[in-house]
Amino acid sequence: MESRVIPLEKPNSRIDASQVLAVIPALNEARHIETCIRSLMTGDAWLRSVPLVVVDGGSTDGTAEIVEALIKEFPNLRILYNPERFQSAAVNRAVTECAGPEARFLVRCDAHSVFPQDFILSVTSALLRTGAASVVIPMDAQGETCFEKANAWIVDTPLGSGGSAHRGGRQSGYVDHGHHAGFDLTMFRSLGGYDGAFSHNEDAEYDERVAQAGGQIYLDATIRKIYIPRGTVGALAKQYFNYGKGRARTIFKHGQRPKIRQMLPVLALLGSLTGLIAFPFFAPALILPAGYFAILVTASILVCAVKRSPCGLLAGVASGTMHMSWAAGFIKQSLVGPR
C-alpha cells in the first residue's frame, strides 16, 4: 500500500543510535509487516543504525519468515519470539533482552501501520525536546477494502472513537492518554514496563501509572502515522471486545471512575437490549433500539455522501460493531472483576 504521509521536517540527528530501541510487536501481520518495516527505515541514514526488533507472538501466516528475509537488507533488524503472545509482554521482552545500559529511549511501532519518514528519529527528538515520560501521536485511519475504508472514515469521528485526541487530533499538548510512540526508558523501567497480563488497554494502564509517578505524556500532532483498521466485522468485533475488557481491567486495577464517553456504548447496548426484551409487553420500548439504529443509518448515509462512495454505507455497521463489542467486553470483565 502506498503511504500518503507527508515527510516530517528534518529532526535532530545528534542522538546516538545506541541510545534508542525501536520495537514492533507482531502477531499474524504478514499483510502489513514488510510495509511497516520499510516505512520505518525510510529517511535519514541514521535509522539503519537503530536497533529495530520485531517481537513475534507465534504467527502462523508467515510473518516471521518475512522479517527474517528482511534482515539481509536491514542488518539492524532482528526478531525475537514471544511465548506470552500479548503486545505488552512483547515490548517488555524486547527491553529486557535488547536494550543495553546506554539505551535512553524506547520507540513502539505497531505492525498494522505505515509510518512517516524519519518516524523513529522524530519521536526520539520529541522525547528529548519535551523531557516527557512518554510521547504519543495521532493515528490517521486509512483503508484499502470497502469495509476498511468505512471503518477508517468513522473511527476518527466522535461516533467511532468517542473523540479521543489521538484519533485524528491536530493539536499538540500534554494529555492523560494517547497512542503510544515513545518512552523515556528510565521511567519505563522504574515502573516495571507494561503490565504483561494485559492483552489490550496496556497503554492506558501504563499511562495511569506514569501520572501517579508524576510523569508527563506529550501528544505531538506533527508526528502522525497511517493506521490500517480491521477489514471484517468479525475481526473488528474481536478487537473492540478485547478493548472493552482491557478498559474495565484498568478501571478496576486503579479504582478509576469511567468517563461519560466510555459509558455511552454500554448504555447503548443495555438500552437496546432492554427495548427489544420489553417490546412484546410495552411497544414504546422499541424506541430505544430503533433510535440507536436510526443514528447508525444516518451516519452511514452522511459518510456515503461526504466521501462520495457506496463504501460509506458500511460506516454504521463498523460503528455499531465497535460500540456493541466494546460494551460487551466491558460488561463481561466488570462481572468477573479485575482478573
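In short, a report on the structure. Note that the structure is a prediction, hence the values are computed from the model and not measured.

1. Here we look at the side chain of S319
Note on placement: S319 falls in helix α12 (residues 315-336). For S319, a relative accessible area of 0% gives the class buried. Beyond its immediate chain neighbours, meaning those up to four positions away, S319 contacts I154, L159, Y292 and L296.

2. A closer look at the sheet that holds strand β11 (residues 225-227)
Pairing is mixed across the open sheet formed by three strands, whose spatial order is β5-β11-β7. Every other strand in the sheet has two partners, leaving β5 (113-114) and β7 (139-141) as the edge strands with one partner each. Relative to β11, β5 runs antiparallel, the two being bridged by two bridges. In the sheet register, S113 faces β11, and the bridge partner there is Y227.

3. Topic: the nonpolar core
One finds I24, I37, L40, W46, F119 and I120 to be the most contacted residues of the largest nonpolar core, which totals 37 residues. Sorting the residues of this core by element identifies β1 (20-26), α1 (33-40), β2 (52-56), α2 (63-70), β3 (77-81), β4 (105-108), α4 (119-130) and β6 (134-137) as the ones contributing at least two each. Top contributing element to this core by residue count: α4, with six residues. When sequence neighbours within four positions are dropped, the list of residues in contact with F119 reads L40, V107, R108, C109, I137, A181 and I223. Residues L80, C98, V136 and V210 belong to the second largest nonpolar core, which totals 24 residues.

4. Comments concerning the pattern of salt bridges
This structure, assessed with the given rule, holds 15 salt bridges. A salt bridge links D110 to K225; its shortest N-O distance comes to 3.9 Å. Of the two residues, D110 is situated in the loop between β4 and β5 and K225 in strand β11; the sequence distance between them amounts to 115 residues. The exposure classification of D110 matches that of K225, with both residues buried. With a closest N to O distance of 3.0 Å, E205 and K253 form a salt bridge. Linking E205 in helix α8 (residues 202-212) with K253 in helix α9 (residues 233-254), this pair joins segments that are 48 residues apart in sequence. Looking at E205, the relative accessible area reads 0%, which means it is buried.

5. What to know about unusual backbone geometry
At R85, a position not held by glycine, the phi torsion is positive, near 75°. Counting through the fold element by element, R85 comes out in the loop between β3 and α3 (87-98). Judged by its relative accessible area of 44%, R85 is partly exposed. Unlike most non-glycine residues, D118 shows phi in positive territory, near 65°. As for its placement among the helices and strands, D118 is situated in the loop between β5 and α4.

6. Considering α12
With 22 residues, α12 should reach 32 Å at 1.5 Å per residue; the first-to-last C-alpha distance of 32 Å fits that figure. Directly beyond the C-terminal end of α12, a positive phi value near 95° is found at G337.

7. Some details on the packing of α8 against α9
It is the contact of α8 with α9, at a shortest axis distance of 9 Å, that shows an interaxial angle of 25°. Overall, the two elements α8 and α9 adopt an arrangement that is roughly parallel. Seen from α8, the contacting residues are A204, E205, E208, R209 and Q212; seen from α9, they are R247, T250, K253 and H254. Here the residues of the contact of α8 with α9 sort into one nonpolar, three polar and five charged.

What counts and how
Residues numbered from 1 in each chain as written. Predicted model: local features only at pLDDT ≥ 70, side-chain atom pairs only at ≥ 80, totals over all residues. Heavy atoms only, no water. Helix = DSSP H or I, 4+ residues; strand = E, 2+ residues; numbered from the N terminus. Buried < 20%, exposed > 50% of the residue type's maximum accessible area, 1.4 Å probe, protein only. Contact = heavy atoms within 4.5 Å. Pairing = 2+ DSSP bridges. Core = buried A, V, L, I, M, F, W, Y, C linked by side-chain atoms within 4.5 Å. Salt bridge = Lys/Arg side-chain N within 4 Å of Asp/Glu carboxyl O. Expected span 1.5 Å × (residues − 1). Axes fitted to C-alpha atoms, helices over the stretch in contact; angles between N-to-C directions. Parallel < 35°, antiparallel > 145°, perpendicular 65-115°, else oblique. Nonpolar A, V, L, I, M, F, W, Y, C, P; charged D, E, K, R; others polar.

Shape is all these values report; function is a separate question.
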